[in-house]
Amino acid sequence: MTPAETEVAELCAELIRVDTSNYGDGSGPGERAAAEVVMARLAEVGVEATYVESAPTRGNVVTRIEGSDPGLPALLVHGHLDVVPANAADWAVDPFSGEIKDGYIWGRGAVDMKDMDAMMLAVLRQMVTEGRKPRRDIVFAWLADEEAGGEHGAKYLTSKHPELFDGVDNAISEVGGYSLEVDPSLRLYLIETAQKGLAWMRLVADGTAGHGSMLNSDNAVTEVAKAVARIGSYEWPLKLTPTVHRFLSEVADAFGLPFDPENPAPIIDAIGPLAKFVGATLHHTANPSMLSAGYKANVIPGQASAVVDGRFLPGLEKDFFATVDELLGPNVRREQLVHDIALETTFDGALVETMISVLKEEDPTARVVPYCLSGGTDNKTFFADLNIRGFGFVPLRLPAEMDFAGMFHGVDERVPVDALQFGTRVLDRLLMTY
C-alpha cells in the first residue's frame with residue numbers, strides 16, 4: 001500500500017473533525033481551522049502554500065507544484081473546505097466525529113467534499129516526499145464558501161488573486177469520477193462535463209391594499225398564488241443537450257436497453273439512486289420554494305411575493321426565461337436574486353484521455369461516460385471566467401449497493417475507506433501522467 005493510501009482515511013477524518021459548517025449568512029465557524037490543518041500537513045513535507053483569508057475565518061489555501069515541462073499548461077485541482085450544516089440528533093454518529101467504522105469514514109463532508117480534500121493532500125504529500133515531479137505545473141487549491149456560492153472562496157481568489165492560476169487551462173473537482181456498477185464485469189465511471197445554470201427569482205405582484213371583509217379584484221396574494229401554481233405545475237418538455245444525449249446512449253448500451261430519445265425514463269430508472277443527480281438534466285426545472293405576503297388576517301396586503309429556484313440547461317437559457325415569463329402572467333414581475341451560468345464542455349482532449357486510461361489501469365471493468373450535473377460547483381462561473389475548462393473528477397470505486405447521491409447533504413454521510421484508497425491511486429496516476 002502506498003503512503004497516500006495509508007494515510008488518506010485519517011486525513012479525511014481529521015478534516016471532518018473540524019466543523020466548517022456554512023450557514024450562508026456569515027454565522028458559521030468558517031474554514032480557517034481546516035485550512036490550518038491543510039497548511040500544517042503541507043509544511044510537514046516542506047511544501048509552502050499561500051493562505052488567503054477573504055473575510056475573518058474564511059480561509060483558502062493554494063500551492064503550486066512545479067512540473068518538469070514548463071511549456072505545458074498547468075492543471076488546477078481544487079476542493080472546498082466548507083460543508084452544509086448537520087443536525088446531530090438525526091445521525092447515527094456525531095457528524096463531526098470523523099468516525100471510521102464498518103469500512104466507512106462517517107461525518108459531514110465525507111463525500112462533499114473532504115474526501116477529495118484528503119486525497120489531494122495525501123497524493124501531494126507522497127509526491128513531494130518521494131521527490132517525483134509531475135509533467136506540468138499542478139495548482140492545488142482548498143477553498144472556502146462553495147456551499148454558499150463561493151463569494152469568500154473561488155470568486156474572491158479569481159477576482160483578487162488571479163495570478164495564482166496563471167497558465168491553468170483545465171481543472172478537476174467535484175462531482176464526478178465515481179462508479180456505477182452495471183454488473184461485476186462492468187462499471188460506469190461518470191465524469192461531469194456540464195452543469196445546469198441557476199436562476200433564483202423573486203416573483204412580485206402589486207395590488208390594492210384593503211380590508212379583508214370587502215370585495216377586492218386587485219389582490220396581490222391571488223396573483224402571486226396563480227403564478228406560483230402555473231410555474232410549479234408546469235411540465236417542462238424534454239430537451240436533451242449533447243452531454244445528456246451521449247450519457248443516455250452510453251447507459252442504454254451498458255444495460256442492454258433500447259435508446260429512445262423521446263422516452264428516456266427506462267434508462268433513468270436503470271441507474272437507480274443516481275437518478276437524483278441526472279434525472280433533472282433532461283429538461284429545465286423551476287420549483288417554488290418561498291412565499292411572503294401580509295401581516296394580519298383581515299388586511300389584504302398591497303404586495304405579495306414568492307421565490308422560485310430555477311435551473312436551466314446549457315445553451316437554452318433564453319428558452320427557459322421566455323417560458324417563465326409567459327407563465328408569470330401580466331400582473332406579476334420577475335426579479336433576479338441569484339444568477340449563474342450553465343456550462344458544457346466536450347468530452348475530449350488530453351485530460352479526458354488520461355482520465356479514461358488511469359481509471360482503466362486501476363479498474364479494468366471501467367467504462368467512462370460524460371454526464372450533466374443538475375446543480376453547480378466551483379468549476380462553474382469563477383474559474384470559467386479565467387477560461388479554465390472544468391471537469392468533475394473525484395475518482396471513487398463504490399459498492400453497488402451504496403446510495404452515493406443520497407450522501408450529498410444527507411444524514412449519515414459516509415465514504416468507503418477503500419474507495420478513498422482507490423481514489424488516491426487514480427489521482428496520483430493522473431497527476432503524474434497528464
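If you're wondering where the values come from, they're calculated on a predicted model, not measured in any experiment.

J.: Can you walk me through the sheet that holds strand 5 (residues 104-106) in this structure?
T.: Two pairing modes exist for strands in a sheet, parallel and antiparallel, and in both the strands are linked by backbone hydrogen bonds. As summarised here, the arrangement of the 3 strands in space is 4-5-19, forming an open sheet in which the pairing is antiparallel. Among the strands making up the open sheet, the edge pair consists of strand 4 (100-101) and strand 19 (414-416). Summarising the sheet, strand 5 and strand 19 pair through 3 bridges and their orientation is antiparallel. Bridge pairing in strand 19 links Trp106 to Arg414. The strands touched by helix 1 (residues 3-16) within the sheet are strand 4 and strand 5, with strand 5 carrying the most contacts at an inclination of about 15°. Most of the contacts of helix 13 (residues 417-433) go to strand 19, to which it runs at about 65°, and overall it touches strand 4, strand 5 and strand 19.

J.: Is there a simple way to explain the pattern of salt bridges in this structure?
T.: Pairing of side chains with opposite charge becomes possible as their charged atoms draw close. Taken as a whole and assessed by the stated rule, the structure comprises 30 salt bridges. Residue Glu250 pairs with Arg367 through a salt bridge whose shortest N-O separation is 2.8 Å. Of this pair, Glu250 sits in helix 6 (residues 242-255) while Arg367 sits in strand 17 (residues 366-373), placing them 117 residues apart in sequence. Sharing partners across several salt bridges, the network here consists of Glu5, Glu361, Glu362, Arg425 and Arg429.

J.: Can you help me understand the packing of helix 2 (residues 32-44) against helix 3 (residues 114-129) in this one?
T.: Think of two packed helices as two axes; the pair is described by the angle between the axes and how far apart they sit. Where helix 2 contacts helix 3, the two axes come as close as 9 Å, and the packing angle between them is 15°. In terms of orientation, helix 2 lies roughly parallel with respect to helix 3. As for the relative orientation of helix 2 and helix 3, their crossing is right-handed in sense. Counting all contacts with helix 2, which are made through Val38, Arg41, Leu42 and Glu44, the residues of helix 3 involved are Leu121, Leu124 and Arg125. Grouping the amino acids of the contact of helix 2 with helix 3 by side-chain chemistry returns 4 nonpolar, no polar and 3 charged.

J.: Please explain the layout of surface pockets as it appears in this structure.
T.: Any empty space left between the atoms is revealed when a probe the size of a water molecule rolls over them. For the largest pocket, the calculated volume is near 1,100 Å³. Taken together, 35 residues make up the lining of the largest pocket; nearest its centre are Leu198, Trp200, Arg311, Gly375 and Gly376. Partitioned by chemical class, the residues of the lining of the largest pocket number 11 nonpolar, 11 polar and 13 charged. For the second largest pocket, the calculated volume is near 180 Å³. Surrounding the second largest pocket, 15 residues form its lining, Leu180, Glu181, Leu274, Ala400 and Met402 being those nearest its centre. Tallying contributions element by element places strand 8 (residues 178-183) first for the lining of the second largest pocket, with 4 residues.

About the cut-offs
- Residues numbered from 1 in each chain as written.
- Predicted model: local features only at pLDDT ≥ 70, side-chain atom pairs only at ≥ 80, totals over all residues.
- Heavy atoms only, no water.
- Pairing = 2+ DSSP bridges.
- Helix = DSSP H or I, 4+ residues; strand = E, 2+ residues; numbered from the N terminus.
- Contact = heavy atoms within 4.5 Å.
- Axes fitted to C-alpha atoms, helices over the stretch in contact; angles between N-to-C directions.
- Salt bridge = Lys/Arg side-chain N within 4 Å of Asp/Glu carboxyl O.
- Parallel < 35°, antiparallel > 145°, perpendicular 65-115°, else oblique.
- Left-handed = near helix turned anticlockwise from the far one by under 90°.
- Nonpolar A, V, L, I, M, F, W, Y, C, P; charged D, E, K, R; others polar.
- 1 Å grid on protein atoms, 1.4 Å probe; cavity = no way out; pocket = protein on both sides within 12 Å on 5 of 7 lines; lining within 4 Å.
- Points joined across faces, edges and corners; volume = space filled by probe spheres on them.

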